[in-house]
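Coordinate analysis (summary)
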Amino acid sequence: ANVNLYRLDIENDTLEPLTNETGTLRALAFSNDRSKMVFSFSDFNTTEDIYVTDIKAENKVRLTQANPWITQDISLGKGKVLRLKSSDGTEIEGIFVLPANFEKGKRVPLILDIHGGPPGYFGNSFDTFFQLYAGVGYAVLGVNVRGSSGYGDDILRALMGDVGGGEFDDLMTGVDHVIELGYVDPEHMGVRGWSWGGVSCGWVVTHTDRFKAASSGDGVYSWQAESGPGFNFDVSLWYIGGTAWEHPELWRKHSALTYVKNVKTPTLLLHGSRDMTSSTNQSMVFYTALRDLNVPTRFIKFPRQGHSVREPRLLRILMVEEIKWMQKHIFGKEWDQPKIKK
């Protein structure tokens, strides 16, 4: 879950670790002789800032303090890395954040967060959404399911031909693990994901009713309908294989829409109106099916946004509306954003 700097000797095919930080170190620039570098660093409880140092990060000088108010004014959740074995014995890791006011022996609600990619990952870095939910009182779990980066080719390629299957098992294994540890109340859980996390979120709500609420962003729910408008290149080459007309049943098998009649979970759907990766109509298709099946649902389309919501005002709306949805359907209570102090 950590990110460090390495030197790769191409001629000798050797890899030498240069730094050994617990957190996420990203080299941004080097001196001409490669003896010094500028890098950014963050971890679970440290927001990202810029540093200069020698190449092994032994004499760091901090250059910025971009968000001092966060550590001064905000109670942050406490993060840690979990290791567990999935149902088939595959070893995976997860990032787990407990709310700042967590009391030992008391079970708390859970948000299962699903990363995008598929070859994304959750690392030891400052995560705004994790801390946001920890501030509302939730524990947050992010599982590095098969298909994730950072664990070698076997894990990276393990999703090929198994879209929905193994990753779903990995997610549920992580949820069961934190319940068994005594941290999480299994009666108060929600799930969220964006991009491929939205793909997986659609699969989760069509294959289990364990979650009281879901929020799915920029997802794909019908691979056949996505063949042409948006994201299908990786799917046809690796993750499913072939084309929708060569293997129609296979493409249906791996599409959440095929199982939509199973959904019991109130589901919020979010999408950028200019998304060219996962076409916006994917959320409309899933929303229409849920609406016609009388499953509580809502579809919010964000103007001018592509495959992520970047405008600060719209990102704030996204965060507020998602928390409202979770609070309403997990706890049955109306929630509104705290008033900003002048």
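Notes on the structure in this doc start here. (Residues numbered from 1 in each chain as written. Predicted model: local features only at pLDDT ≥ 70, side-chain atom pairs only at ≥ 80, totals over all residues. Heavy atoms only, no water.)

1. A short note on unusual backbone geometry
Formally: Each helix corresponds to a stretch of at least 4 residues labelled H or I by DSSP, and each strand to a stretch of at least 2 residues labelled E; elements are numbered beginning at the N terminus. Between buried and exposed lies partly exposed: a residue is buried under 20% and exposed over 50% of the maximum accessible area for its type, with that area taken using a 1.4 Å probe on protein chains only.
Of note, the bond from Gly117 into Pro118 is cis; its omega dihedral lies within 30 degrees of zero at 10°. Mapped onto the elements of the fold, Pro118 is located in the loop between strand E9 (108-114) and helix H2 (128-136). Unusually for a residue other than glycine, Ser195 sits at a positive phi of about 65°. Given a relative accessible area of 17%, Ser195 falls into the buried group. For Asn294, which is not glycine, the phi dihedral falls at a positive 65°. Within the element layout of this structure, Asn294 appears in the loop between helix H9 (281-292) and strand E14 (297-302).

2. A closer look at helix H5 (residues 196-207)
At 3.6 residues per turn, the α-helix brings residues three or four places apart onto the same side. Convention followed: Each helix should span, by expectation, one fewer than its residue count multiplied by 1.5 Å.
Between its terminal C-alpha atoms H5 stretches 17 Å, which fits the 16 Å expected from 12 residues at 1.5 Å a residue. Across the 12 residues that make up H5, a large majority, 11, are buried. Within the span of H5, buried status applies to Trp196, Gly197, Gly198, Val199, Ser200, Cys201, Gly202, Trp203, Val204, Val205 and Thr206.

3. Regarding the pattern of salt bridges
Stated precisely, the cut-off is as follows: The term salt bridge refers to a side-chain nitrogen of Lys or Arg lying within 4 Å of a carboxyl oxygen of Asp or Glu.
Counted under the stated rule, the structure contains 15 salt bridges. Arg7 serves as the salt-bridge partner of Glu16, at 3.2 Å between the closest nitrogen and oxygen. The exposure class assigned to Glu16 is partly exposed, which follows from its relative accessible area of 33%. Using a relative accessible area of 39% as the deciding quantity, one classes Arg7 as partly exposed. In this structure, the salt-bridge partner of Arg62 is Asp49, at a minimum N-O distance of 2.8 Å. Residue Arg62 is found in strand E6 (residues 61-62), and its partner Asp49 is found in strand E5 (residues 46-54); the two are separated by 13 residues along the sequence.

4. Brief notes about the sheet that holds strand E12 (residues 213-217)
The condition that has to hold: When DSSP locates at least two bridges between a pair of strands, those strands are taken to pair. Note on method: axes are straight lines fitted to C-alpha atoms, helices fitted across the in-contact stretch only, with angles between N-to-C directions ranging 0 to 180 degrees. In this analysis, two residues are considered to be in contact whenever any of their non-hydrogen atoms come within 4.5 Å of each other.
Sheet architecture is open: eight strands sit in the order E7-E8-E10-E9-E11-E12-E13-E14, paired in mixed fashion. Since the sheet does not close on itself, it has two edges, and those belong to strand E7 (78-85) and E14, each with one partner. Neighbour-to-neighbour, the strand axes of the sheet open up by a mean angle of 20°, direction not taken into account. Pairing of E7 with strand E8 (residues 91-98), which is carried by eight bridges, proceeds in the antiparallel orientation. If you follow Val81 over to E8, its bridge partner there is Ile95. Across the sheet, H9 lies against strand E13 (267-272) and E14, angled at about 160° from E13, the strand it touches most.

5. Brief notes about the pairing of E5
Pairing geometry for strand E4 (residues 36-43) and E5, over seven bridges, is antiparallel. Residue pairing for E5: Phe41 is matched across the bridge by Asp49. Remark: two residues form the turn of the hairpin made by E4 and E5, two consecutive strands paired antiparallel. In this sheet, E6 lies alongside E5 in antiparallel orientation, the contact comprising two bridges. Residue Tyr51 lies in a different strand from E6, and its bridge partner there is Arg62.

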